[in-house]
Structure formats: C-alpha cells, structure tokens
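Structure at a glance
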Amino acid sequence: MKIHEYQAKELLGAYGVNVPSGTVCKTPEEVYEATKAYEKCVIKAQIHSGGRGKGGGVKLASSPEEARGIAEKMIGMQLVTHQTGPEGKLVRKVLVTGAASYEKEFYLSVAADNENENLVIIASAAGGTEIEETAKLHPELIVKEPVSIFGGFRAYQGIGVAKKLGLTGTLQKEFIATLRGMIRLFIEKDCSLVEINPLVTTTDGHILALDAKVNFDDNALMRHPEIAELRDIDEEDPKEARASEFDLNYISLDGNIGCLVNGAGLAMATMDIIKKFGGSPANFLDVGGSATTERVTAAFEILLSDPNVKAIMVNIFGGIMKCDIIAEGVVTAAKKLGMTVPLVVRLEGTNVERGKEILKESGLAIIPAEDMADAARKAVEAAGGAK
Ligand code: GDP
Ligand code: MN
C-alpha cells in the first residue's frame, strides 16, 4: 500500500525525522490562508506517484496571492509524471510548506533486500530529481549498506554511510538519527520502502526531509489498523479497488481480452497462451478456490467495466470448486449484466459434463472451448484477431 507524502512525513516526524511542518489544502482559498504564515512557500501536488517536480507538481511561491494562483492551476489538473502513465493522475489536494533553503540534496532509503533476506540502506550524495539517471549512469555514486532485521542497525554503520556522503559533525549526528528513525519505522510498521529524496542539509546547518515516500506490505496491514486507515482509494485503479472488496486478485493490464481464471498459476498460464496466439490480456484475475456466484458476478462486472475489453476468456479448472457451480455463476452473471462482448469458456475437472450442459442450456451465446489452446485461439479471434 502507498500513502501520500504528507502522511509519510507525519509518520517520519513521529520517528524523530526532521520534516518541514505543512498544511494539506483542497482549495486555492485554503492555500491562500495557509501560506500567509510564510515568506516563501512550496506547493506540492499530493498524488501516489513520484517525479512530480519535473511534471509541474511542485512549485515555489513568494506570496499568498501567487500561491493561490498556482493552486488554482494545480488542484484539479491531471498531473503527468514518468510514473503515472500518459493519462496522469487527478490532483485532489496539495501540501503547503515553508520553502526551505538548502545546500545539498541527498538520496536516502531503507528497502527490503529480498536476495539477502535483509534490509538495505541505499544512499547517495547525488540526490534529487535525477536519482534514477544517476543510478543507471553512475552506480558508483550509490552507497549500499546491509542491515540485519534481527541484529538491528549499528552506530558504526551509520557513521560509515555518513562519511561516504561527506557528512561530519552535527550533520553526521542528525543524519544517523534520521536513518535510525527510518529503520525503526520500516520494521515496526512492516514497510516495504522508506525513502527520502531529497534529504537536504539546510543553510542553517541541519538535516531536513524535503520529500518522503513510505510503502507498506499489504499482507501485514492487519497488524496495523492505524496504517490501513491511511489508504486513499481515490489513488487506486477503481477496478483494482473494487476487486479487493471481493477478495479477487485483479491487476489491470493494457490488452483487450478479459481473463477470468481460478488459481494464480493458471491465470499466468492463461495470459501466456493468449500472448502465444498473438492476443493481449486486459487483466490478470484469479477468482481463487472459493468462487461463489457473487464473486464470479463481481469479477464479470469488473471485466465488463473496462472499455478496452473486446472478449472474455473464462478458464476454470474445477478441483475443489466444481465446474457446474462455476457454470451457474457464469450464466447468472452473464444474464444479470447483459453480456456485451463474446465470451469464450473452457472448463475442465470435477462435474465438467454437467457444467457444459448448464452453459449450453442457458441460451447465451457462449463460445465453448475444448482446451486452453482452443480457448485462447477463439478469444483472440473474437477480440479482433492476432496483432
Ligand atoms: P518529486 O519530484 O515528486 O520527487 O517531489 P519532491 O518533493 O522531491 O520535489 C522536487 C524538487 O523540488 C526537490 O528535489 C527540490 O529541489 C524542490 N523542492 C521541494 N521542496 C523544496 C523546498 O522546500 N525548498 C526548495 N528550495 N526546493 C524544494
Ligand atoms: Mn522527491
């Protein structure tokens, strides 16, 4: 799960990281009021994507009037960054903070190091908006330090990283405290990433987090109801949000064949075989082992709400789940929703004969398939042919 910058800064602040105080605003008037307190301020679009600075989502203002003018343009815009895709993301709120004057920008993050089953500190003295380029072109400028999730973070490790970044004295002390807070947050709240970019040294000699990004492990959210509350459904793909209500594993893709499958492995294989026949899946969807009529209906609804879907391929292996139950679900859903696109169904497993009968007797224009390859071929054909 992702959260907004203002939420991430609040959390980091609670863990002892120095963050600028700010106000979240939803209207230009609120921005006008909030910026009266500052001589110079920064207005930052709150969306769940990075790269806002380059996309026009971070602006400096020298007066409340100027800030209001910026907010009038920013609130309500579709902000396009290299992380949002070409359609961009709607800006619903902005964060207003006093503008900090700083000397240097650093990159600092704590991430899960899956390969070593540990945490890793990633840092660079070349922080700021160009960090991705730096990582690609000058990997030698990136410092990595493994941290044991059980052994914890040791002061000498912090000193080592700080020295490599050229930080000494008070700055070094504050840097280590920042790092300690980030690691404690990461472990206590089951994060998957805690990132500050840029972390800056201010002109008056302190360490300050100008930006913040914190991601959480979804599977651990049940342990942190206070974190789960920070979720902002507006920022999620509406189809994915709806799917999670029904416990469906759904991921939006950019093809035109909607897939309804039980089991993650079979769902992967289905996507592969669609590709093999020259088609392109519109989604990954695993309805799981306990697909009730309700869930099958919800799954269909989600697939049909995607205007890109030109055909649907149902690929079910009836094991624990019986084929006749699935067939009934498919028929009920198709009748209820009024199927508007061709529907190819491949069933295999327990009670398959009864399942096929139910589909045939339904009177719906369902295209039956013998096996996976047959189904994929028919679905690609129905969606307009191979590309
Ligand atoms: P991102 O582009 O989405 O990562 O947004 P950031 O919060 O990192 O902001 C982008 C850039 O705006 C930063 O790298 C800074 O150079 C600049 N910026 C952000 N906040 C301030 C501030 O308080 N003062 C100044 N002078 N620049 C800022
Ligand atoms: Mn940033």
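Check the entry above for the structure.
As the structure is a computational prediction, the values presented were derived from the model and not from experiment. (Residues numbered from 1 in each chain as written. Chains lettered and ligands numbered in written order. Predicted model: local features only at pLDDT ≥ 70, side-chain atom pairs only at ≥ 80, totals over all residues. Heavy atoms only, no water.)

A few points about the coordination of the manganese ion (ligand 2)
- Note on the manganese ion (ligand 2): its protein donors are Asn-197 (O) and Asp-211 (OD). The metal-donor distances range over 2.2 Å. Of this pair, Asn-197 sits in strand S10 (residues 191-202) while Asp-211 is found in the loop between strand S11 (207-209) and strand S12 (213-216), placing the two residues 14 residues apart along the sequence. Side by side, Asn-197 and Asp-211 carry an identical accessibility label, which is buried. (Donors = N, O, S within 2.8 Å, 3.2 Å for Na, K, Ca; no water. Helix = DSSP H or I, 4+ residues; strand = E, 2+ residues; numbered from the N terminus. Buried < 20%, exposed > 50% of the residue type's maximum accessible area, 1.4 Å probe, protein only.)

Re the sheet that holds strand S3 (residues 58-61)
- The strand order across the open sheet formed by 4 strands is S1-S6-S2-S3, and the pairing between neighbours is antiparallel. Edge positions in the sheet fall to strand S1 (22-25) and S3, since each of these pairs with one other strand and no more. Within the sheet, the average angular offset between the axes of one strand and its neighbour, ignoring direction, is 25 degrees.
- Summarising the sheet, strand S2 (residues 41-45) and S3 pair through 4 bridges and their orientation is antiparallel. Considered in S3, the bridge of Lys-44 is made with Val-58. (Pairing = 2+ DSSP bridges. Axes fitted to C-alpha atoms, helices over the stretch in contact; angles between N-to-C directions.)

Considering the environment of Gly-288
- With respect to the secondary-structure elements, Gly-288 resides in the loop between strand S15 (283-286) and helix H11 (293-304).
- Sequence-wise, Gly-288 and Ile-187 are 101 residues apart; in three dimensions their C-alpha atoms are separated by 30 Å.
- Excluding anything up to four places from it in sequence, Gly-288 contacts Asn-262 and Gly-263. (Contact = heavy atoms within 4.5 Å.)

Section: the site of ligand 1
- By nearness alone, 17 residues border ligand 1, and Lys-44, Arg-52, Gly-53, Tyr-102 and Glu-105 come closest of all.
- Contacts to ligand 1 include Arg-52, whose side-chain N or O atom sits 2.8 Å from an oxygen atom.
- Note that an oxygen atom of ligand 1 is positioned 2.8 Å from one of the side-chain N or O atoms of Glu-105.
- For ligand 1, the protein covers 84% of the area, taking 560 Å² as the surface of the free molecule.
- Counting atoms within 2 Å of the grid points, the majority share of ligand 1 lands in the largest pocket.
- Mapped onto the shell around ligand 1, the elements with two or more residues apiece are S2, helix H3 (52-55), strand S7 (102-113) and S10.
- Residues of the shell around ligand 1, tallied by class, amount to 7 nonpolar, 6 polar and 4 charged. (Near = heavy atom within 4 Å. Polar contact = N/O pair within 3.5 Å; in protein donor to acceptor, adjacent residues only side chain to side chain. Areas by Shrake-Rupley, 256 points an atom, 1.4 Å probe, with all protein chains shown as cover. 1 Å grid on protein atoms, 1.4 Å probe; cavity = no way out; pocket = protein on both sides within 12 Å on 5 of 7 lines; lining within 4 Å. Sits in = over half its atoms within 2 Å of the grid points. Nonpolar A, V, L, I, M, F, W, Y, C, P; charged D, E, K, R; others polar.)

Here's the deal with the packing of aromatic side chains
- Counting across every chain of the model gives 0 aromatic pairs.
- Across from the ring centre of Tyr-32, 4.1 Å away, lies the NZ or CZ of Arg-68, which sits over that ring.
- Positioned over the ring face of Phe-277 is Lys-276, at 5.5 Å from the centre of the ring. (Phe/Tyr/Trp six-rings, centres within 6.5 Å; stacked < 30°, edge-to-face > 60°. Lys NZ or Arg CZ within 6 Å of the ring centre and 35° of its normal.)

So, helix H13 (residues 352-361)
- Burial in H13 covers these residues: Val-352, Gly-355, Ile-358 and Leu-359. On an axial view of H13, the arc spanned by its buried residues comes to 120 degrees, and they lie on one face. Seen from the buried face of H13, the exposed residues on the opposite side, beyond 90 degrees, are Glu-353, Lys-360 and Glu-361.
- Residues of H13 that are buried sit in contact with helix H12 (323-337), strand S17 (343-349) and strand S18 (366-368). (Arc of directions from axis to C-beta.)

Here we look at the layout of surface pockets
- Quantified by volume, the largest pocket comes out at close to 1100 Å³.
- As for the largest pocket, its lining consists of 49 residues, and the residues nearest its centre are Arg-52, Thr-129, Asn-197, Pro-198 and Asp-211.
- Put simply, the parts of the chain that give the lining of the largest pocket at least two residues each are S2, H3, S3, strand S6 (94-98), S7, helix H5 (131-137), S10 and S12.
- No other element matches S7, which puts 5 residues into the lining of the largest pocket.
- For the lining of the largest pocket, a count of residues per class yields 19 nonpolar, 16 polar and 14 charged.
- For the lining of the largest pocket, the two domains that each supply at least three residues are domain 1 (1-20 + 102-236) and domain 2 (21-99). (Points joined across faces, edges and corners; volume = space filled by probe spheres on them. Domains from an automatic or database assignment.)

So, the nonpolar core
- Ranked by size, the top nonpolar core spans 38 residues in total, and within it Phe-175 and Phe-216 carry the most contacts.
- When residues of this core are assigned to their parent elements, the largest contribution, 7 residues, is made by helix H7 (residues 169-188).
- Those residues within four positions of Phe-216 in sequence are excluded, and the remaining contacts are Met-1, Ile-3, Leu-11, Lys-189, Asp-190, Cys-191, Ser-192, Leu-221 and Ile-227.
- Among the nonpolar cores identified, the runner-up in size contains 33 residues, and Leu-285, Phe-300, Leu-303 and Met-321 belong to it. (Core = buried A, V, L, I, M, F, W, Y, C linked by side-chain atoms within 4.5 Å.)

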